[in-house]
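# Reading the structure
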Amino acid sequence: MTELVIEGLRAAVGDKEILHGIELVVRGGEVHAVMGPNGSGKSTLSHVLAGRPGYEVLGGTVTLDGVDLLALAPWERAQAGLFLAMQYPTEVPGVRLDGMLGAALAAREPGAALAAGGQGDVRRRMVVEAERIGFDERFLERPLNVDLSGGEKKRNETLQLGVLQPKVAVLDEIDSGLDIDALRAVARRVEAETHERGLAVLAITHYRRLLAELRPDVVHVLIGGRIVDSGDADLADVLERTGYAGYSEGVGEAAEAAADPRADPLA
Ligand code: ADP
Ligand code: MG
């Protein structure tokens, strides 16, 4: 079964250490949410996992089914089954979505995509995925992400996830910019992948709304480059009420107190 294991991961951007020792294990079929204030290192974690240039790993390990991801180039990590839905998807003029997905599938399974009907097959998979998440088919002709709205870019990321069928998906604020119906459609699509195919999900989000749809198995709180608390889905509700302020004093204590109906805030 799929298993993403992150141990003692420390990483820097420029000469500033941002991640100070991340510990996480996400198994196939599980949804783990990562919540935390702005600037706490959530996107940095996603970029370090994907192998974005400019991020220096200072220590620790990341393995996917025993494969050392940190030793691989970004495209090799994708081949190994890692997918990143970016917080800010990049516009790539001159590259079409179907061309990009066809190349990605062909690289992962040499010969398979072409043998199975080539671009026509990729195209059919794209149309099916577009329909599942209400992504207008006319966007499939556009250069990658060019002139798409924020929400359309997030749907585009979800479409890519559905076509590529990775083992692990890191979703960096996939809910930002989505309207309520799109949010539900995207969450349903991700959920189907976890239940039907055993996708492992690391969902970075600020909002309970996505989690109400995705129903995470575990919610982690990332502050200052460390996971300072983890709990079940109820932790997201607690955070909605209390914010993150309590964590600066005692790790987890404020959230626990808020979750305890007997706790007297004035005591
Ligand atoms: P989050 O996604 O949790 O809001 P980020 O991971 O994007 O936070 O950023 C974590 C910290 O790293 C922030 O203080 C941010 O300013 C800093 N940071 C991110 N990218 C760079 C960069 N390229 N150069 C310098 N600092 C950066
Ligand atoms: Mg971010």
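From a predicted model like this one, the values you see are computed outputs, not experimental measurements. (Residues numbered from 1 in each chain as written. Chains lettered and ligands numbered in written order. Predicted model: local features only at pLDDT ≥ 70, side-chain atom pairs only at ≥ 80, totals over all residues. Heavy atoms only, no water.)

Turning to the packing of helix α6 (residues 150-164) against helix α7 (residues 180-197), a few remarks are in order. Interhelical geometry of α6 versus α7 gives an angle of 20° and a closest axis separation of 10 Å. The orientation of α6 with respect to α7, classified from their angle, is roughly parallel. Two packed elements cross with a definite hand, and for α6 against α7 that hand is left-handed. Touching Arg155, Thr158, Leu161 and Gly162 of α6 are Ala182, Val186, Arg189 and Val190, all from α7. Classifying every residue of the contact of α6 with α7 by side-chain character gives four nonpolar, two polar and two charged. (Axes fitted to C-alpha atoms, helices over the stretch in contact; angles between N-to-C directions. Helix = DSSP H or I, 4+ residues; strand = E, 2+ residues; numbered from the N terminus. Parallel < 35°, antiparallel > 145°, perpendicular 65-115°, else oblique. Left-handed = near helix turned anticlockwise from the far one by under 90°. Contact = heavy atoms within 4.5 Å. Nonpolar A, V, L, I, M, F, W, Y, C, P; charged D, E, K, R; others polar.)

Counted according to the given criterion, the structure contains 17 salt bridges. Among the salt bridges present, the one from arginine 96 reaches aspartate 98, with a minimum N-O distance of 2.7 Å. Arginine 123 is paired through a salt bridge with glutamate 137; the nearest N and O atoms lie 3.9 Å apart. In this pair, arginine 123 is assigned in helix α5 (residues 118-132) and glutamate 137 in the loop between α5 and β8 (143-144), connecting sequence segments 14 residues apart. Given the relative accessible area of 39%, glutamate 137 is considered partly exposed. A network of salt bridges, in which partner residues are shared, links Arg96, Asp98, Arg123, Glu137 and Glu141. (Salt bridge = Lys/Arg side-chain N within 4 Å of Asp/Glu carboxyl O. Buried < 20%, exposed > 50% of the residue type's maximum accessible area, 1.4 Å probe, protein only.)

Moving on, we come to the site of ligand 1. Close to ligand 1 lie Val13, Lys16, Ile18, Pro37, Asn38, Gly39, Ser40, Gly41, Lys42, Ser43 and Thr44. With respect to ligand 1, the backbone of serine 43 contributes an N or O atom lying 2.9 Å from an oxygen atom. Here ligand 1, which alone exposes 570 Å², has 60% of that area covered by the protein. Put simply, the parts of the chain that give the shell around ligand 1 at least two residues each are β2 (16-27) and α1 (42-50). With three residues, α1 is the largest single contributor of residues to the shell around ligand 1. Of the residues assigned to the shell around ligand 1, the class counts are three nonpolar, six polar and two charged. (Near = heavy atom within 4 Å. Polar contact = N/O pair within 3.5 Å; in protein donor to acceptor, adjacent residues only side chain to side chain. Areas by Shrake-Rupley, 256 points an atom, 1.4 Å probe, with all protein chains shown as cover.)

Keep in mind these numbers describe shape, not what the thing actually does.
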